Amino acid sequence: MTLRICPKTKASVCIELDGSIRGTLPLRALPQSLPSGFEGEIAAEQSEALLQQLREYAFNLLLDYLAAAEHSEWQCRSMLRRRQFDASLSQNAIDRCKELNYLDNARFSELLINSWIARRASKRAIIAKLREQRIRASVWQPLLEELYPRELASDNIVELLRKFCVAHRDLPRPKLREKAFTYLYRKGFDLDAIQSAWSDLD
């Protein structure tokens, strides 16, 4: 098997086996027999030892990433891709973290939904944020329905509208209405809901 060890940063190297980049390792983790800049044939045992090092390093990187904050599976995959780990090594690290319950798209979805509800975001805006994370709708839809009932959405839009009107109270009423509708529509609220909230304020 052909191995190339290419410098990536001052402290890390990129591991390439048979022309395919498999991932990165800290420079200090390389055995003395395989220094940075090495290029040549290696035995199957050396190749497997390097792959095992890459598996463990990817897993430990992912553990540190998840220890700092909750992340979606897509975010984890993207982080490992930035470190140039190939798909199989990334999946191995992700599967191990899921088995240990360190990574859970449902838990992440619940945190994201609650975070954006606290900001009085519209349901449409929250759905857009969830879709950005490539999370299946079957995971987040029941959570969104439970955590963001219609009554809460109505309260949120009324509160946002009230604050907007106070902040722009010097505008003529027709202009205030136009700007308020535009502001709330851009936030993802439906026109019928905005009209209902406007009527409530009246």
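As shown above, the structure is provided for reference.
Residues numbered from 1 in each chain as written. Predicted model: local features only at pLDDT ≥ 70, side-chain atom pairs only at ≥ 80, totals over all residues. Heavy atoms only, no water.

### Thoughts on the overall build of the chain
Scanning the chain from N- to C-terminus turns up nine helices and four strands. Along the chain, helices and strands appear, N-terminal first, in the series β-β-β-β-α-α-α-α-α-α-α-α-α. Buried residues in the chain amount to 38% of all 202 residues. When contacts within the chain are restricted to residue pairs at least 6 apart in sequence, long-range pairs at least 24 apart make up 59% of them. Taken as a whole, the chain presents about 11,800 Å² of accessible surface, with 50% of it coming from carbon and sulfur. Taking the average place of the 31 positive charges on the side chains of the chain and the average place of its 27 negative ones, the gap between the two points comes to 7 Å. (Helix = DSSP H or I, 4+ residues; strand = E, 2+ residues; numbered from the N terminus. Buried < 20%, exposed > 50% of the residue type's maximum accessible area, 1.4 Å probe, protein only. Contact = heavy atoms within 4.5 Å. Areas by Shrake-Rupley, 256 points an atom, 1.4 Å probe, with all protein chains shown as cover. Lys, Arg positive; Asp, Glu negative; His and termini not counted. Charge placed at Lys NZ, Arg CZ, Asp CG, Glu CD.)

### Remarks on the packing of aromatic side chains
The geometry of an aromatic ring pair comes down to the distance between the two centres and the angle between the two planes. With the rule as written, the count across this model stands at three aromatic pairs. Note on Phe 164 and Tyr 183: the rings are 4.8 Å apart at their centroids and 20 degrees apart in plane angle, and the pair reads as stacked. Here Tyr 183 lies in helix H8 (residues 173-186) and Phe 164 lies in helix H7 (residues 150-167), a separation of 19 residues in the sequence. Assessed through its relative accessible area of 10%, Phe 164 is described here as buried. Directly above the aromatic system of Trp 116 lies the positively charged group of Arg 119, at a separation of 4.0 Å from the ring centroid. (Phe/Tyr/Trp six-rings, centres within 6.5 Å; stacked < 30°, edge-to-face > 60°. Lys NZ or Arg CZ within 6 Å of the ring centre and 35° of its normal.)

### Examining the state of the cysteines
One covalent bond between the sulfur atoms of two cysteine residues makes up a disulfide. Taken as a whole and assessed by the stated rule, the structure comprises zero disulfides. The structure places no disulfide on Cys 76, whose sulfur is separated from the nearest cysteine sulfur, that of Cys 97, by 7.0 Å. (Disulfide = S-S within 2.5 Å.)

### Brief notes about the packing of H8 against helix H9 (residues 191-201)
The contact between H8 and H9 brings their axes to 10 Å, and the two run at 140 degrees. Taken as axis vectors, H8 and H9 run oblique relative to one another. For the crossing formed where H8 meets H9, the hand is right-handed. Of the residues in H9, those touching H8 at Arg 173, Leu 176, Arg 177, Ala 180, Phe 181, Leu 184 and Tyr 185 are Leu 191, Ile 194, Gln 195 and Trp 198. Split into classes, the residues belonging to the contact of H8 with H9 amount to eight nonpolar, one polar and two charged. (Axes fitted to C-alpha atoms, helices over the stretch in contact; angles between N-to-C directions. Parallel < 35°, antiparallel > 145°, perpendicular 65-115°, else oblique. Left-handed = near helix turned anticlockwise from the far one by under 90°. Nonpolar A, V, L, I, M, F, W, Y, C, P; charged D, E, K, R; others polar.)

### A few points about the pairing of strand S1 (residues 2-7)
Summarising the sheet, S1 and strand S4 (residues 39-41) pair through three bridges and their orientation is antiparallel. Bridged to Arg 4 within S4 is Glu 39. Taken together, the five bridges between S1 and strand S2 (residues 12-17) define a ladder with antiparallel strand orientation. Pairing of Pro 7 across the sheet is with Val 13, part of S2. Following S1, the chain reverses through four residues before pairing antiparallel with S2. (Pairing = 2+ DSSP bridges.)

### Section: the packing of helix H4 (residues 105-118) against helix H5 (residues 123-132)
Look at H4 against H5: their axes get within 10 Å of each other, and the N-to-C directions meet at 145 degrees. Relative to H5, H4 is oriented so that their crossing is right-handed. Facing Ser 109, Leu 112, Ile 113, Trp 116 and Ile 117 of H4, the residues of H5 in contact are Ile 126, Lys 129 and Leu 130. Here the contact of H4 with H5 is composed, by residue class, of six nonpolar, one polar and one charged.

### A closer look at the sheet that holds strand S3 (residues 20-26)
Ordered by their spatial adjacency, four strands build an open sheet running S3-S2-S1-S4, and the pairing between neighbours is antiparallel. Single-partner strands in this sheet number two, and they are S3 and S4. Each strand axis lies, on average, 25 degrees off the axis of its neighbour in the sheet, ignoring direction. Strands S1, S2 and S3 of the sheet are contacted by helix H1 (residues 44-68), whose axis makes an angle of about 65 degrees with S3.

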